[in-house]
Amino acid sequence: MVFMVVLWFGAHPTTPVWMIQYVEIALVAVLIWALSFFRDPEREVPQDKNILLAPADGTVTDIETVDETEFIKGRALRIGIFLSIFDVHINRSPCRARVDKIVYHQGRFLDARNPESGRLNESNDLWLTKTETPSDKLIVRQISGAIAQRIVCRTSEGAELVSGQRFGMIKFGSRTELYVSVRDNVECVVKKGDKVKAGMTPMVRYI
């Protein structure tokens, strides 16, 4: 594609040399960015059964308590993570867990920085049950954004995931949410504005 665009400009004898060079630089920069978007770095995953790790790279944009009626069936702590186009977009399991159900929701493509996007946008839910004590129910929600309009989920119902295991990605800017039951021994250890890394940064601790 880069070659074809440069060839098209070069085929016109009146095209200034500086313009051809500018187009070449711009297109190479776009190519490098696109390749870096799909990067998948190895991670040193903490082995601590008392924490829930970030399921995505990005910035914590909102933390609130909500009523989750479908799987957790009660009050849940919801932590939203916005993934910019410069973040790694691989999703990872927050803990050792069994995939009980995968639920896809059609929806809109609002800006993923908007907390309402988790409710209104296209999304894919992983309903998880921790396989270590306490055996809490969790939800990891993959959410499309205004740019990202393709959710990839590479696990299946009944699968058993380990902490930090890759299970999917969302392409080109998106949002991921973690839901966990509200209990006295559940402590949120991140705050709005924090940068987190999937499979590395603790977001919740059991105390």
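Here, the structure is the one placed above.
Residues numbered from 1 in each chain as written. Predicted model: local features only at pLDDT ≥ 70, side-chain atom pairs only at ≥ 80, totals over all residues. Heavy atoms only, no water.

(A) Quick look at the sheet that holds strand β14 (residues 202-206). A sheet is described by the order of its strands in space; here three strands give the open sequence β1-β14-β12, paired in antiparallel fashion. Because the sheet does not close on itself, it has two edges, and the strands there are β1 (51-53) and β12 (186-188). This sheet shows a mean twist of 20° between the axes of neighbouring strands, independent of strand direction. Of the pairings in the sheet, the one linking β1 to β14 comprises three bridges and is antiparallel in character. Within the sheet, the bridge partner assigned to L52 lies in β14 and is V204. (Pairing = 2+ DSSP bridges. Helix = DSSP H or I, 4+ residues; strand = E, 2+ residues; numbered from the N terminus. Axes fitted to C-alpha atoms, helices over the stretch in contact; angles between N-to-C directions.)

(B) Geometry of the environment of S144. Among the structural elements, S144 can be located in strand β7 (residues 137-144). With 20 residues separating them along the chain, S144 and N124 place their C-alpha atoms 8.8 Å apart. In this structure the side chain of S144 is engaged in a polar contact, spanning 2.6 Å, whose partner is the side chain of E122. (Polar contact = N/O pair within 3.5 Å; in protein donor to acceptor, adjacent residues only side chain to side chain.)

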